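Overview (structure and organization)
Take a look at the letters that make up each chain.
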Amino acid sequence: SFGTAVPFETGTTVFISATYDSTNSKVVIAYRDNDNSNYGTAVVGTVSGTSISFGTPVVFESANATDYVSAVYDSTNNKVVVAYTDAGNSNHGTAIVGTVSGTSISFGTPVVFESNASYLISATFDSTNGKVVICYRHGSTYYGTAIVGTVSGTSISFGSAAVFESANTNSISATFDSSNNKVVIAYRDAGNSSYGTAIVGTVSGTSISFGSAAVFE
């Protein structure tokens, strides 16, 4: 059952992604605000009973436009990480670290994790290794690609990117299996009749390696 719907942004929003800050007990929603020059924006929500209230939205990327937004919570460093495509910077894959305080969020400096165009971004957090894993489609090859990020303070650094699918990869969605300490990436494999496919990734240090892909549909 549901409570009453509450707007978190009165303008048109796309590329919406939500995560939960378990340290501060807050929901963080990141999105592109079409009514504010397509800027990347985030807002902090507080749940009470069956309702939710919001603080003031904060811009994390003042570029037109911010696309393919994916937010994740790093419980090791108590930070929110937002990954996105920065269309104001040649569609480079970019990430930024956010710190929740009360009903607001502040951000560090954006860091490019892919100096090529990057699309269909999906981020997850490996709580065993304390690493952020960002999955995306490479803009030149269209290959499914992943990269491991390490948060330090209000910044994030990255290892080398690793290809998990050497074909046109779409509809990427990543999650972390905490029982087996593995990253699982599901996607549409356009190189194999667009079948629904999944692959298991293992993080080691600042790298990630993969097993064999399996068709689920």
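This write-up is about the structure you can find in this document.

Rules behind the numbers
- Residues numbered from 1 in each chain as written.
- Predicted model: local features only at pLDDT ≥ 70, side-chain atom pairs only at ≥ 80, totals over all residues.
- Heavy atoms only, no water.
- Phe/Tyr/Trp six-rings, centres within 6.5 Å; stacked < 30°, edge-to-face > 60°.
- Lys NZ or Arg CZ within 6 Å of the ring centre and 35° of its normal.
- Pairing = 2+ DSSP bridges.
- Helix = DSSP H or I, 4+ residues; strand = E, 2+ residues; numbered from the N terminus.
- Salt bridge = Lys/Arg side-chain N within 4 Å of Asp/Glu carboxyl O.
- Buried < 20%, exposed > 50% of the residue type's maximum accessible area, 1.4 Å probe, protein only.
- Core = buried A, V, L, I, M, F, W, Y, C linked by side-chain atoms within 4.5 Å.
- Polar contact = N/O pair within 3.5 Å; in protein donor to acceptor, adjacent residues only side chain to side chain.
- Contact = heavy atoms within 4.5 Å.

Turning our attention to the packing of aromatic side chains. Counted according to the given criterion, the structure contains 10 aromatic pairs. In textbook terms, an aromatic cluster arises when at least three aromatic residues are bridged by ring pairs, as seen for Phe8, Tyr31 and Phe54. The ring centre of Tyr142 lies 4.6 Å from the NZ or CZ of Arg137, which sits over that ring.

In this section: the pairing of strand β3 (residues 39–48). Where strand β2 (residues 26–33) and β3 come together, 7 bridges link them in antiparallel fashion. What sits directly across from Val27, in β3, is Gly45. Taking the residues that link successive antiparallel strands as the turn, the β2-β3 hairpin has 5 residues, and the phi of Ser37 there is positive, at about 60°. Inspection of the sheet shows β3 paired to strand β5 (residues 58–61) by 3 bridges, in the antiparallel sense.

One pass over the structure, following the stated rule, counts 1 salt bridge. Among the ionic pairs, Asp67 bridges to Arg32, the shortest N-O distance being 2.5 Å. Of this pair, Asp67 sits in strand β6 (residues 66–74) while Arg32 sits in strand β2; the two residues are 35 residues apart in sequence, bridging distant segments of the chain. Per residue, the accessibility class of Asp67 equals that of Arg32, and both read buried.

To continue, consider the pairing of strand β15 (residues 182–189). Looking down a regular strand, the side chains alternate between one sheet face and the other. Of the two faces of β15, only the one carrying Val183, Ile185, Tyr187 and Asp189 is buried; Lys182, Val184, Ala186 and Arg188 on the other face are not. Sheet topology places strand β14 (residues 162–177) next to β15; 7 bridges connect them, and they run antiparallel. Looking at β15, one finds that Asn170 is bridged to Arg188. Hairpin connection between β14 and β15: a loop of 4 residues separates the two successive antiparallel strands, and Asn181 in this loop has a positive phi of roughly 60°. Here 7 bridges tie β15 to strand β16 (residues 195–204), and the two strands are oriented antiparallel to one another. Residue pairing in the sheet places Val184 in a bridge with Val200 of β16. Count of turn residues in the β15/β16 antiparallel hairpin: 5 residues, of which Ser193 carries a positive phi of about 60°.

Of all hydrophobic cores here, the largest spans 16 residues; its most connected members are Val133, Cys135, Phe164, Ile172, Val183, Ile185 and Ile208. Among the elements of the structure, β11 (131–138), β12 (143–152), β14, β15 and β16 are those that each provide at least two residues to this core. The dominant element in this core, judged by the number of residues it contributes, is β14, at 5 residues.

Residue classification places Arg32 among the buried positions, given a relative accessible area of 15%. A distance of 2.5 Å separates a polar atom in the side chain of Arg32 from a polar atom in the side chain of Asp67. The residues contacting Arg32, other than those within four sequence positions of it, are Thr12, Thr13, Val14, Phe15, Asn38, Tyr39, Ala65, Thr66, Asp67 and Val69.

Following Asn64, the chain continues to Ala65 via a peptide bond in cis, the omega torsion being 15°. Tracing the chain through its elements places Ala65 in the loop between β5 and β6. One non-glycine residue with positive phi stands out, namely Asn78, at about 60°. Within the fold, Asn78 resides in the loop between β6 and β7 (79–86). A relative accessible area of 35% places Asn78 in the partly exposed class. For Asn91, which is not a glycine, the phi torsion comes out positive at approximately 60°. Relative to the elements of secondary structure, Asn91 occurs in the loop between β7 and β8 (92–101).

All quantities given are derived from atomic positions and should not be read as evidence of function.
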